[in-house]
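Remarks on the overall topology
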Amino acid sequence: MSVPVITRFAPSPTGALHLGNVRTALFNWLYARRHGGRFVLRIEDTDRARSDPAHEQSLVAALRWLGLEWDAGPGRDDLAGPYRQSERGAVYAAAYARLEAGGQAYPCYCSSLELEFARKAALQAGRPPRYSGPCAALDGAGRAARLAEGRSPSLRFRVTPGPIEYTDLVRGPQRFEGGDLGDFVIRRADGSAAFLFSNAVDDGLMQVSHVLRGEDHVANTPRQMLLIQALGGTPPAYGHLPLLVGAAGAPLSKRDGAASLASLAEAGYLPGAVLNLLARLGHRYGEDGWLEPAALVAGFDLGALGRAPAHFDEAQLRHWQKEAVQHAPASVLEAWATGRVPPGREADFVAALRANLLLPADVAEWAPVVYGELPCPVPELAALLAAAGTPFWDAALAAVAAGADYANLVAALKAAGKSGAALFKPLRAALTGRLDGPELARLMAVMSRSLLTARLEAARRLPAGSL
Ligand code: GLU
Ligand code: ZN
């Protein structure tokens, strides 16, 4: 019998969402959508000191911006909710009680100093530094005595020796030895739930079927499987993705400017660019070209997940942004132009310049070319314009005055004896003040006759001897 696919994104709202987290969210979303399953958003805010509702709000906004809608989550509750761990205290209390009642968890009264001491002693003796279990066999009297000393206990999970095995969706067969793990803390002495515990309890109760997450969580997996089983649940299938690294090979961190999704969105990167980039970091698509979200979903395959470290590269991001701009609805790009070009000209501007726009900032570079004033030509340009000669500009001015469009202007200049670079270079230089850019025909179509005339006249005025 096949289990329904339920995946989740379980961020801790302790900082800005960086691209590594976003990729984790994306892969889980893609997998759920690919299999008609459910995608759950769970906020792991048990670390009260470091969690901040402002971070939760911004990560929710980021997921929406990317179009990664969730089927259940904060504000979209169902029976498995609430979806904020800070609101699930009663759920965890019940799980602790169940484990204690079954003898699968016991209070540990060791102080952090004692634990540290035992850890060092074990290391010095060449033994693994796991919990050696002084509290595992305490009876009622022993516990009472320690409580009387004013100690507040943590709660430990009792690990039975024996193999723990699973097949990782990315890394293949994995084997751990229970005896190596040691009994681990599931409730801290201050009463708060250990990350590992609340994460596993919720995966079990929310019937998560597949967990795709960073490989920094591999070591948690056997403990989490034991917990879920002890509570009567079935562990999900786990896949641990190689971490995203920067060009230099160092992990992308929250401090890495380009690595924060918010900074990319602010610079004007489009959601589709981020999706196309991230969906290919650690996952291979048959298609190298641009894919719309539905196609990203259709082509997502666990068998195409890779084990090599996934490199984030700015050049790749720009490549996908260029694609995203080419595929964007005009309205998106017109919004970039609003306020930066004369009112009412946004659509024309975008139609002419789409191929030259990568980010909103590029509008500011091209708007003066199409509507504004050009700076005095740099010496090379001035030389080029002067060398074209007065008859060239006279012919061009006459054609524009007669209402010529681009094709007729070129025809008039050819009739005046110019062709090739001797025609197109000075013409472009005069009309745009530069030697590169969109097709002149497109540009001319959106420039006013008076602006064209003024620029040709300025070129004509350059003294021939100004070389
Ligand atoms: N809150 C954990 C994190 O952000 C979740 C890890 C997991 O996906 O299991 O790292
Ligand atoms: Zn202890």
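Relevant structure appears above.
What counts and how
- Residues numbered from 1 in each chain as written.
- Chains lettered and ligands numbered in written order.
- Predicted model: local features only at pLDDT ≥ 70, side-chain atom pairs only at ≥ 80, totals over all residues.
- Heavy atoms only, no water.
- Near = heavy atom within 4 Å.
- Polar contact = N/O pair within 3.5 Å; in protein donor to acceptor, adjacent residues only side chain to side chain.
- Areas by Shrake-Rupley, 256 points an atom, 1.4 Å probe, with all protein chains shown as cover.
- Phe/Tyr/Trp six-rings, centres within 6.5 Å; stacked < 30°, edge-to-face > 60°.
- Helix = DSSP H or I, 4+ residues; strand = E, 2+ residues; numbered from the N terminus.
- Buried < 20%, exposed > 50% of the residue type's maximum accessible area, 1.4 Å probe, protein only.
- Lys NZ or Arg CZ within 6 Å of the ring centre and 35° of its normal.
- Pairing = 2+ DSSP bridges.
- Right-handed = clockwise from strand over helix to strand, strands pointing away.
- Axes fitted to C-alpha atoms, helices over the stretch in contact; angles between N-to-C directions.
- Contact = heavy atoms within 4.5 Å.
- Donors = N, O, S within 2.8 Å, 3.2 Å for Na, K, Ca; no water.
- Tetrahedral: all angles 85-135°; square planar, octahedral: opposite > 155°, others 65-115°.

**Some remarks on the site of ligand 1**
In the vicinity of ligand 1, the residues found are Arg8, Ala10, Pro11, Ser12, Glu44, Phe195, Asn199, Arg213 and His217. Ser12 is positioned such that a nitrogen or oxygen atom in its side chain is 2.9 Å from a nitrogen atom of ligand 1. Contacts to ligand 1 include Asn199, whose side-chain N or O atom sits 3.0 Å from an oxygen atom. Relative to its unbound accessible surface of 300 Å², ligand 1 loses 82% to contact with the protein.

**Remarks on the packing of aromatic side chains**
One pass over the full model with this rule turns up eight aromatic pairs. With 6.1 Å between their ring centres and 70° between their planes, Tyr92 and Phe197 make a pair best called edge-to-face. Placement of Tyr92 in helix H3 (residues 89-101) and of Phe197 in helix H7 (residues 195-205) is noted, with a sequence separation of 105 residues between them. We note that Tyr92, like Phe197, is buried. The structure contains a cluster of three or more aromatic residues connected by ring pairs, namely Tyr92, Tyr96 and Phe197. Over the ring of Trp366 we find Arg434, and its NZ or CZ is 4.2 Å from the ring centre.

**Examining the pairing of strand S9 (residues 237-241)**
By the criterion of burial, S9 is predominantly enclosed, with four of the five residues buried. As judged from the five bridges shared by strand S8 (residues 210-214) and S9, these two strands associate in the parallel manner. Bridging across to S9, His210 finds its partner in Ala237. Since S8 and S9 lie parallel, the crossover through helix H8 (residues 221-230) that links them has a hand, and here it is right-handed.

**Observations regarding the sheet that holds strand S7 (residues 184-187)**
Judged by pairing direction, the sheet is antiparallel, and its three strands sit side by side in the order S3-S4-S7 without closing on themselves. A single partner strand is all that each edge strand has here, and the edge strands are strand S3 (105-108) and S7. Across the sheet, the mean angle separating the axes of adjacent strands is 45° when strand polarity is ignored. Taken together, the three bridges between strand S4 (residues 154-157) and S7 define a ladder with antiparallel strand orientation. Residue pairing for S7: Leu155 is matched across the bridge by Arg187.

**A word on the environment of Glu100**
Looking at the element boundaries, Glu100 is found in helix H3. As a C-alpha pair, Glu100 and Ala230 span 130 residues in sequence and 11 Å in three-dimensional space. Setting aside chain neighbours within four positions, we find Glu100 in contact with Ala105, Pro107 and Leu155.

**Quick notes on the coordination of the zinc ion (ligand 2)**
For the zinc ion (ligand 2), the full set of protein donor atoms is Cys108 (SG), Cys110 (SG), Tyr131 (OH) and Cys135 (SG), and the range of their distances to it is 2.0 to 2.3 Å. For the zinc ion (ligand 2), the four donor atoms are set out with angles of 103 to 122° between them, so the coordination reads as tetrahedral. Site description for the zinc ion (ligand 2): donor spacing in sequence, C-x1-C-x20-Y-x3-C. Here the residue Cys108 occupies a position in strand S3, and Cys135 occupies one in the loop between helix H4 (112-124) and helix H5 (140-148), the gap between them amounting to 27 residues.

**Let's talk about the pairing of strand S2 (residues 38-41)**
Looking at chain direction, strand S1 (residues 6-9) and S2 are connected through four bridges and run parallel. The partner of Arg8 across the bridge, within S2, is Val40. Regarding topology, helix H1 (residues 19-34) serves as the crossover connection from S1 to the parallel S2, and that connection is right-handed.

Geometric values such as these leave the question of function open.
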